[in-house]
Amino acid sequence: MLVVMKAQATPEEIQAVCEQIEQLGFRAHPLPGAQRTAIGITGNQGEVDRGNLEALSGVAEVIRVSKAYKLASRDIKEEDTVISFSGTDAAIGGSSLAIVAGPCSIENRVQAFAIAEQVAAAGAQFFRGGAFKPRTSPYAFQGLGIEALRIMAEIRDRYGLRIVTEALDNESLDMVAEWADVIQIGARNMQNFSLLKRAGRLRKPVLLKRGLSATLEEFLMSAEYLMSEGNYQVILCERGVRTFADHARNTLDLSIVPAIRRLSHLPILVDPSHATGKRESVLPMARAAVASGADGILVEVHNQPEIALSDGPQSIYPDQFARMMDELERIAPVVGRSLPRGIHVEAAATGAHDNLVE
Ligand code: PEP
Ligand code: MN
């Protein structure tokens, strides 16, 4: 159910409706839009009696949301969700494209700084790097853990780049939430519902990657898990799905981009690195992703991919990344977007904790 407030409804009226919903034993999710606030109701197994809600002051109407995912749906919020990063001009969603770039894994301080310097110089606003790695083999490099988080925090201080890194489980989630600006939940964990619920209780943006064989509805239901716990700062990421194709690591399902944009207000990024597994395919797929309406790109960049500890073959060189930025900057206006180059950070804004507002 969804309570649509009148455009002129006051904050007190919105508050009173939320209290009434909670009193009925449900959860209220006020989602302010440009025109009006809508309040999602979750926690109800069956129908909510709309009678007394419709009578409350400031209420325009009470409507049923028929889709399985509710808070993630455009029915509840017409405008695109834009996630901003306090004290900076960086954003994910809206008219400007967000570029998240960096190595698959943080391997050591020298490597991470060398790559960060080059992706910052090319104009990325977000730096990615794995600290906790989901590897197919237990014998493969598992990540530097907390040490990598510290290195990335130093990178944020030095270059202003906002930090995106993966949480693998409950334990790493707490650490990642403390150090990073965006918590990544990887493809293999897309349906780890207890992890999603826990991340949903945080007030920090979550980048949710599509599962290896997840349908659009399953993908949005996982976003719904995060949102149902009150975390509305969710970023989706298409990273390729598993098919019979054997020319690429995965099959990039770009057709999910317009489908998601029609059904959901959440931003969606595309990861051409994991989607293809091949360096030479990354730039063409990044171009296509922007042309398809994606809100940005997540891409693996390495200065020495031939000796990378993970995902070297799909990591592009820093000069290729700079070329990608130039090309995407030119494609962006064709689809009504712009590509900001570089991040501006206010002197007082330090980082991760700025975003941890309840
Ligand atoms: C990654 O981003 O490095 C990663 C492991 O991605 P995915 O979860 O999409 O495989
Ligand atoms: Mn990787």
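Here the structure is a predicted model, which means the values were calculated and not measured.

Participant: Describe in detail the state of the cysteines, supporting the description with residues and values.
Facilitator: In total, this model carries zero disulfides according to the counting rule given. In this structure Cys-237 is not part of a disulfide, and its nearest cysteine sulfur, from Cys-104, lies 13 Å away.

Participant: So what about the pairing of strand S1 (residues 2-5)? Which residues, and what values?
Facilitator: Taking every second residue as pointing to the same face, both faces of S1 are buried, with Leu-2 and Val-4 on one and Val-3 and Met-5 on the other. By the bridge criterion, four bridges tie S1 to strand S4 (residues 59-63) in an arrangement that is antiparallel. Within S4, the residue paired with Met-5 across the bridge is Val-59. Sheet topology note: the S1/strand S3 (residues 37-42) ladder contains three bridges and is antiparallel. The residue of S3 that forms the bridge with Leu-2 is Gly-40.

Participant: An account of the packing of helix H5 (residues 170-179) against helix H6 (residues 193-200) is needed here, citing residue identities and associated values.
Facilitator: When two helices pack together, you describe them by how their axes are tilted relative to each other and by the distance separating the axes. Running from N to C, H5 and H6 point in directions that differ by 25°, and their axes come no closer than 10 Å. Classified by the angle between their axes, H5 and H6 sit roughly parallel to one another. Judged by the sense of rotation from one axis to the other, the crossing of H5 with H6 is right-handed. Side by side, H5 and H6 meet where Asn-170, Leu-173 and Asp-174 of the first sit next to Leu-195, Arg-198 and Ala-199 of the second. Within the contact of H5 with H6, the residues separate by chemical class into three nonpolar, one polar and two charged.

Criteria and cut-off values
Residues numbered from 1 in each chain as written. Chains lettered and ligands numbered in written order. Predicted model: local features only at pLDDT ≥ 70, side-chain atom pairs only at ≥ 80, totals over all residues. Heavy atoms only, no water. Disulfide = S-S within 2.5 Å. Buried < 20%, exposed > 50% of the residue type's maximum accessible area, 1.4 Å probe, protein only. Helix = DSSP H or I, 4+ residues; strand = E, 2+ residues; numbered from the N terminus. Pairing = 2+ DSSP bridges. Axes fitted to C-alpha atoms, helices over the stretch in contact; angles between N-to-C directions. Parallel < 35°, antiparallel > 145°, perpendicular 65-115°, else oblique. Left-handed = near helix turned anticlockwise from the far one by under 90°. Contact = heavy atoms within 4.5 Å. Nonpolar A, V, L, I, M, F, W, Y, C, P; charged D, E, K, R; others polar.

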